[in-house]
Amino acid sequence: MLMHVVLATWKPDVAARDVTEIHTAVARFAHEIPSVLLVRAGTDLQLHDQNADFGMTAVFADEQGLKEFAAHPAHLWVSQRLATMVASVTRIQFPLADGDPIATIA
């Protein structure tokens, strides 16, 4: 299994309605994109000054699942929308061990 993580810091002019729009679209990934096994997203709790503003994680069976996700229209829409909203974005993908509890949830 594969974990995909996205961390974004908003531009100063991003409105709450824009963030809500992203949260809503990301929540639909698991229903609209077959390769998404599990998805979670949230707004930072602001417990540390240098944290990102928004984070998303998604779990896929394998690298092919991530590629299908990346090419799906629902993901492309969110990606393009985020591009207008973020001051910075960081992504990482890493494998999950076979016995990882997250892998068993998916």
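Calculation rules
- For every chain, the first residue of the written sequence is number 1, and numbering continues from 1 along that sequence.
- Per-residue local features of the predicted model are confined to residues with pLDDT of at least 70, and side-chain atom pairs are confined, for both listing and counting, to 80 or more; whole-chain, interface and lining totals are unaffected and use all residues.
- No hydrogens and no water enter the side-chain calculation; it runs on all heavy atoms of the structure.
- Secondary structure elements are taken from DSSP: a helix is a run of H or I of four residues or more, a strand is a run of E of two residues or more, and numbering for both begins at the N terminus.
- Whether two residues touch is decided by their heavy atoms; if any such pair falls within 4.5 Å, the residues are in contact.
- As used in this structure description, the phrase polar contact means that two N or O atoms lie within 3.5 Å; if the pair is within protein, one of them must be able to donate a hydrogen and the other to accept it, and residues adjacent in sequence are counted only when both atoms belong to side chains.
- Pairing of aromatic rings covers Phe, Tyr and Trp, the last through its six-membered ring, and needs centres within 6.5 Å; plane angles under 30 degrees mean stacked, over 60 mean edge-to-face, and all others mean tilted.
- Whether a residue is buried, partly exposed or exposed follows from its accessible area with a 1.4 Å probe, protein chains only, as a fraction of its type maximum: under 20%, in between, or over 50%, in that order.
- Comment: axis = line fitted to C-alpha atoms, over the contacting stretch for helices; angle = value between 0 and 180 degrees taken between N-to-C directions.
- Think of it as three bins: nonpolar holds Ala, Val, Leu, Ile, Met, Phe, Trp, Tyr, Cys and Pro, charged holds Asp, Glu, Lys and Arg, and polar takes everything else, Gly as well.
- If an angle is under 35 degrees, it is roughly parallel; if it is over 145, roughly antiparallel; if it lies from 65 to 115, roughly perpendicular; otherwise it is oblique.
- Take the far helix as the reference: if the near one is turned anticlockwise from it by less than a right angle, the crossing is left-handed, and if turned clockwise, right-handed.

Caption draft 1: Structural view of the environment of Asp44. Along the polypeptide, Asp44 turns up in the loop between strand 2 (38-43) and strand 3 (54-60). Each C-alpha atom, one on Asp44 and one on Thr9, is 9.8 Å from the other, the two residues being 35 residues apart in sequence. Dropping the residues within four chain positions of it, Asp44 is found in contact with Asn51, Ala52 and Asp53. Polar contacts involving the side chain of Asp44 include one to the main-chain amide nitrogen of Gln46, which spans 2.8 Å.

Caption draft 2: Quick look at the packing of aromatic side chains. Counting across every chain of the model gives three aromatic pairs. The interplanar angle of 35° and the centroid separation of 5.5 Å between the aromatic rings of Trp10 and Phe54 together place this pair among those described as tilted. Here Phe54 lies in strand 3 and Trp10 lies in strand 1 (residues 2-10), a separation of 44 residues in the sequence. The pair formed by Trp10 and Phe54 is uniform in burial state, with each residue classed as buried.

Caption draft 3: Quick peek at the packing of helix 3 (residues 63-71) against helix 4 (residues 73-85). The contact between helix 3 and helix 4 brings their axes to 5 Å, and the two run at 65°. For the pair formed by helix 3 and helix 4, the contact residues are Phe69, Ala70 and Ala71 on the first element and Pro73, His75 and Leu76 on the second. When grouped by side-chain class, the residues that make up the contact of helix 3 with helix 4 number five nonpolar, one polar and no charged.

Caption draft 4: Looking closely at the packing of helix 1 (residues 16-27) against helix 4. Relative orientation of the contacting elements helix 1 and helix 4 amounts to 160°, with a least axis distance of 11 Å. The angle between helix 1 and helix 4 falls in the class roughly antiparallel. Relative to helix 4, helix 1 is oriented so that their crossing is left-handed. Taken together, the residues of helix 4 that come into contact with helix 1 (itself represented by Asp18, Val19, Glu21, Ile22, Ala25 and Val26) are Trp77, Val78, Arg81, Leu82 and Met85. A class-by-class count of the residues in the contact of helix 1 with helix 4 yields eight nonpolar, no polar and three charged.

That is the geometry; function is a separate question.
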